[in-house]
Amino acid sequence: MEIPQNIQHQLAQFQQMQQQAQAITMQKQNVDMQIKETEKALEELEKVADDAEVYKTAGTLLIKMPKPELTEDLTEKLETLQLREKTVKRQEERVMKRLQEMQETLQGAMQMQQPGMGN
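These numbers come from a predicted model, not from an experiment.

### A word on the layout of surface pockets
Here comes step 1: Each pocket or cavity is described by its volume, and for the largest pocket that value is around 260 Å³.
Here comes step 2: Taken together, the elements giving at least two residues each to the lining of the largest pocket come down to α1 (5-47), β1 (54-58) and α2 (67-113).
Here comes step 3: Residue classes in the lining of the largest pocket are distributed as five nonpolar, three polar and three charged.

### Observations concerning the pattern of salt bridges
Here comes step 1: Evaluation of the coordinates by the stated rule reveals seven salt bridges.
Here comes step 2: Close ionic contact of K28 with E92 constitutes a salt bridge, the shortest N to O distance being 3.8 Å. Of the two residues, K28 is situated in helix α1 and E92 in helix α2; the sequence distance between them amounts to 64 residues.
Here comes step 3: Residue K28 is classed as partly exposed on the basis of its relative accessible area of 22%.

### Considerations on the UniProt feature "coiled-coil region" (unreviewed entry) in the protein
Here comes step 1: Those residues carrying the UniProt feature "coiled-coil region" (unreviewed entry) are residues 28-109 in this numbering.
Here comes step 2: Taken end to end, residues 28-109 comprises 77% helix and 12% strand; its first and last C-alpha atoms sit 32 Å apart.

### Side note on the packing of α1 against α2
Here comes step 1: Contact pair α1 / α2: the axes reach a minimum separation of 7 Å and the direction vectors enclose 160°. If you check the angle between α1 and α2, you find them roughly antiparallel. In this structure, the crossing between α1 and α2 has a hand that is left-handed.
Here comes step 2: When the residues that make up the contact of α1 with α2 are grouped by side-chain class, the tally is 23 nonpolar, 15 polar and eleven charged.

Definitions and limits used
Residues numbered from 1 in each chain as written. Predicted model: local features only at pLDDT ≥ 70, side-chain atom pairs only at ≥ 80, totals over all residues. Heavy atoms only, no water. 1 Å grid on protein atoms, 1.4 Å probe; cavity = no way out; pocket = protein on both sides within 12 Å on 5 of 7 lines; lining within 4 Å. Points joined across faces, edges and corners; volume = space filled by probe spheres on them. Helix = DSSP H or I, 4+ residues; strand = E, 2+ residues; numbered from the N terminus. Nonpolar A, V, L, I, M, F, W, Y, C, P; charged D, E, K, R; others polar. Salt bridge = Lys/Arg side-chain N within 4 Å of Asp/Glu carboxyl O. Buried < 20%, exposed > 50% of the residue type's maximum accessible area, 1.4 Å probe, protein only. UniProt positions renumbered as here; feature names shortened; annotations may be inferred. Axes fitted to C-alpha atoms, helices over the stretch in contact; angles between N-to-C directions. Parallel < 35°, antiparallel > 145°, perpendicular 65-115°, else oblique. Left-handed = near helix turned anticlockwise from the far one by under 90°.

Below, the structure is given as structure tokens:
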């Protein structure tokens, strides 16, 4: 059975959407991991005295910082990551909904192409 050009085009679009969904899922996992790491760092920071020596990573360097400043930096980072997480979740929901719609459209089109169904 030869697949018509329009269905081939829809299949290609579906595959591209699947790749986009995978990329968004990876982004979401990355953001989730960063949130967990930042929350853990803030938890550990709460355990030390306010005058304790604390360090912030900057690439491969460790930079000494006052605890309140580092706490503020990490809190801001966490807020930014949580906003990013919401954005990525919305993207993921939209892409998954679109994938479902495309799958249903493709299934309907393929059924129409089966012998005796629509030709």
